[in-house]
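Read off the chains here:
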Number of protein chains: 2
Amino acid sequence: MLKEERHAFILKALETRHKVLTIELSQSLGVSEDTIRRDLKELADAGRVKKVHGGAVSHSLNPFHYKDREIYAHEEKILIAEKAKSLIRPHQVVIMDGGTTNTELARRLPPDLKATIFTNSLPVAVELTDHPSIEIIFMGGRLLKDAQVTVGEEVVATLSGIRADVCILGTRSLDAQMGITEIDWEETKVKRAILHAANESIALVIPEKIGTVQPYIIGEPGELSVLVSTLARRDPRLRPFHEMGIEIL
Amino acid sequence: MLKEERHAFILKALETRHKVLTIELSQSLGVSEDTIRRDLKELADAGRVKKVHGGAVSHSLNPFHYKDREIYAHEEKILIAEKAKSLIRPHQVVIMDGGTTNTELARRLPPDLKATIFTNSLPVAVELTDHPSIEIIFMGGRLLKDAQVTVGEEVVATLSGIRADVCILGTRSLDAQMGITEIDWEETKVKRAILHAANESIALVIPEKIGTVQPYIIGEPGELSVLVSTLARRDPRLRPFHEMGIEIL
DNA sequence: TCGAATCAGGCAATAACCTGCAACCATGCT
DNA sequence: AGCATGGTTGCAGGTTATTGCCTGATTCGA
């Protein structure tokens, strides 16, 4: 068995299976795990696969590979994005935060919409590059690898020089008492700045996040203008927000 | 048994079997393994087969033929990226420009490399988010949709506050007299700033770009530190650069 | 936090490789 | 015929690649 054959086998397996395990490969190819490990290392060094503990996963070569990631509650997020896209009016200046729901919205903006969008989210920016008429301003800073957003004082400073019409917040947790809360301190500071740099604020949120609380507070619930979820307008979970005068969608 | 006959036999065998082993061939053709090895070497030099340890495989088995047509001269760019990745030393501060070759490099950086990378390129940043130990600073600004890089005074301002160890320029055109030149004015300004913000500058360039000129000048050829291409070190096209004291890789 | 799984690096054995050399052969010239 | 030439082949040797095993470190999941 030539090394190249094994490599071809591994790549083939990854095309269909997305993930391979070292121990599986060693059994089906009849070589030691060490050899497989070395194979995976070579393939990883060549950028053909991504090595993970216990095996490897396919490393799709185009820059949109984050699309492959399994998105939690994807269907719901698509629904929310579809609802929300009418909220952005032509020629507005918009700040878009990160998050999968916001990315979904960026992908779904009407092609004829003309607007200026500030964002600190890599995926949102990538999606918007496909849009024909939106002007994109990316706010620089240190990049958080898991959230794929920039943070730090540079982002905050940029935001302090903006007065946007509307911001669209990625919402980790929303509670009628505590408001919008976050788990990451750096992101919190940025989101606060986003909230304060816009006249109106829109939160896109899947129902299960409503009523949960994280350690850091971004803003009072009353600071929200519009809340978009998959819930019916009269759902009791939304009642307190409605009573504060927040528009429910 | 003539050499040509053996070559024909080997190619025929590869058509049907995908791989051949040196030992097998030597037995079925009744010649020494060394002779087969020499045959394979000739066929490989002629590009008819791919030589591997233990024998040879047909070209269709090997990667590049069916993958990634979308990136122009992708193979060459991979080679260049592989060459260049050793140029980034641990704990350096690096500025990475946009371009497909640079993206390729970003994808191929050794996973154990610890470094800080400033970039204004969306694809580069996306690739780097998969890297375990690199700190990424994204330089914000207006996003050019086709090049997927940010431009504008904000980027230039950020760069003016940086003194990096090395910058890696995406190179549209390189000429021994005119130096590095660009076709887009906005990008030109940013690239100038990148060049001036780093102590050393590395240009990754595919051979066909050497000797071409665009309207806007980014820098003198002498401002380059290292030139990475697929050409042999002694290639006449590189001679003028070598004589300027630019390191050729 | 702990135990088990997994990993990285080193080591040795084997196989494959490359280089130089001498033998061989066909050819063409003197 | 005699000889030089160039191409090819096999062999000896020293070098490199590959692999499995081992050990200690790291990482993961409970």
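Residues numbered from 1 in each chain as written. Chains lettered and ligands numbered in written order. Predicted model: local features only at pLDDT ≥ 70, side-chain atom pairs only at ≥ 80, totals over all residues. Heavy atoms only, no water.

A. Focus on the overall build of chain A. Helix and strand counts for chain A stand at nine helices and 15 strands. Expressed along its principal axes, the backbone C-alpha trace of chain A runs to roughly 70 × 40 × 35 Å. Residue burial in chain A is summarised as follows: out of 249 residues, 52% are buried. For chain A, contacts bridging at least 24 residues in sequence account for 59% of all contacts bridging at least 6. Approximately 11,300 Å² of chain A is accessible, and the part contributed by carbon and sulfur atoms is 51%. Side-chain charges in chain A split into 32 positive and 36 negative, and the spacing between the mean points of these groups amounts to 2 Å. (Helix = DSSP H or I, 4+ residues; strand = E, 2+ residues; numbered from the N terminus. Buried < 20%, exposed > 50% of the residue type's maximum accessible area, 1.4 Å probe, protein only. Contact = heavy atoms within 4.5 Å. Areas by Shrake-Rupley, 256 points an atom, 1.4 Å probe, with all protein chains shown as cover. Lys, Arg positive; Asp, Glu negative; His and termini not counted. Charge placed at Lys NZ, Arg CZ, Asp CG, Glu CD.)

B. Structural view of the environment of A8(A). All names here are of chain A. Mapped onto the elements of the fold, A8 is located in helix α1 (residues 3-17). The partly exposed category is assigned to A8, whose relative accessible area is 23%. Between the C-alpha atom of A8 and that of L29, which follows or precedes it by 21 residues, the distance is 12 Å.

C. Geometry of the sheet that holds strand β2 (residues 49-52) of chain A. Residue and element names in this part refer to chain A. Spatially, the three strands line up as an open sheet ordered β1-β3-β2, and their pairing is antiparallel. Unpaired on one side and paired on the other, β1 (19-21) and β2 mark the two borders of the sheet. Neighbour to neighbour, the strand axes of the sheet diverge by 25° on average, direction disregarded. Helix α2 (residues 22-29) rests against β1 and β3 (55-58) of the sheet, and its axis sits at about 70° to β1. Contacts from helix α3 (residues 33-45) reach β2 and β3, with the element oriented near 130° to β2. (Pairing = 2+ DSSP bridges. Axes fitted to C-alpha atoms, helices over the stretch in contact; angles between N-to-C directions.)

D. Looking closely at the interface of chain A and chain B. Facing 38 residues of chain A, the contacting portion of chain B comprises 43 residues. Of the charged contacts, one joins E5(A) and K19(B) as a salt bridge, the two residues approaching to 2.9 Å between their closest N and O atoms. The interface formed by chain A and chain B holds 13 residue pairs in polar contact (both at pLDDT 80 or more) in total. The set of elements that each furnish at least two residues to the side of chain A that touches chain B consists of α1, α6 (122-128), β6 (134-138), β7 (141-144) and α7 (153-160) of chain A. Considering every element that reaches the side of chain A that touches chain B, the biggest residue donor is β6(A), with five residues. Split into classes, the residues belonging to the side of chain A that touches chain B amount to 16 nonpolar, eleven polar and eleven charged. Strand direction decides the pairing type here: β6(A) and strand β7 (residues 141-144) of chain B, joined by two bridges, are antiparallel. (Salt bridge = Lys/Arg side-chain N within 4 Å of Asp/Glu carboxyl O. Polar contact = N/O pair within 3.5 Å; in protein donor to acceptor, adjacent residues only side chain to side chain. Nonpolar A, V, L, I, M, F, W, Y, C, P; charged D, E, K, R; others polar.)

E. Region of interest: the protein's contact with DNA strand D. Close to DNA strand D lie 17 residues, the nearest being R6(A), T35(A), R38(A), R6(B) and T35(B). Here DNA strand D approaches the protein such that, of its atoms within 4 Å, sugar and phosphate make up 64%. H53(B) has a polar side-chain atom sitting 3.4 Å from a sugar or linking oxygen of DNA strand D. For the surface near DNA strand D, the secondary structure elements donating two or more residues are α1 and α3 of chain A together with α1 (3-17) and α3 (33-45) of chain B. Along the lines of polarity and charge, the residues of the surface near DNA strand D split into three nonpolar, six polar and eight charged. (Near = heavy atom within 4 Å.)

F. Looking closely at the pairing of strand β11 (residues 179-182) of chain B. All names here are of chain B. Bridge count for strand β10 (residues 173-175) against β11 is three bridges, and the pairing is antiparallel. Bridge pairing links S173 to T181 in β11. The antiparallel hairpin formed by β10 and β11 contains three residues in its connecting segment. Here three bridges tie β11 to strand β13 (residues 216-219), and the two strands are oriented antiparallel to one another.

G. Region of the structure containing the packing of helix α7 (residues 153-160) of chain B against helix α8 (residues 185-196) of chain B. All names here are of chain B. α8 packs onto α7 with a crossing angle of 5° between their chain directions and a minimal axis gap of 9 Å. Between α7 and α8, the angle is such that the two are roughly parallel. Counted together, V155, V156 and L159 of α7 and K189, V190, A193 and I194 of α8 form the full contact between these two elements. Class assignment of the residues belonging to the contact of α7 with α8 gives a composition of six nonpolar, no polar and one charged. (Parallel < 35°, antiparallel > 145°, perpendicular 65-115°, else oblique.)

H. Focus on the packing of aromatic side chains. All names here are of chain B. On inspection of all chains with the given rule, the structure shows three aromatic pairs over all chains. Judged by centre distance (5.3 Å) and plane angle (55°), the ring pair of W185 and Y216 falls under tilted. A residue pair is termed long-range when its members are at least 10 positions apart, and W185 in helix α8 and Y216 in strand β13 qualify at 31 residues. Taking relative accessible area as the criterion, W185 reaches 41% and is therefore assigned partly exposed. Among the residues examined, Y216 registers a relative accessible area of 31% and is labelled partly exposed. (Phe/Tyr/Trp six-rings, centres within 6.5 Å; stacked < 30°, edge-to-face > 60°.)

I. Region of the structure containing the confidence of the model for chain A. For chain A, the average pLDDT comes to 85, and 90% of its residues sit at 70 or higher. Low pLDDT (under 50) marks residues 61-70 of chain A, which in the prediction has 22 contacts with non-local residues, meaning those over four places away or in another chain. (pLDDT = per-residue confidence, 0-100.)

J. Focus on the sheet that holds strand β2 (residues 50-52) of chain B. All names here are of chain B. Read across the sheet, three strands follow the order β1-β3-β2 without closing on themselves; strand pairing throughout is antiparallel. Of all strands in the sheet, those bounded by a partner on one side alone are β1 (19-21) and β2. Adjacent strand axes in the sheet meet at a mean angle of 25°, parallel and antiparallel pairs treated alike. Relative to strand β3 (residues 55-57), β1 runs antiparallel, the two being bridged by three bridges. The residue of β3 that forms the bridge with V20 is A56. Along the sheet, helix α2 (residues 22-29) contacts β1 and β3; its crossing angle with β1, the most-contacted strand, is approximately 70°.

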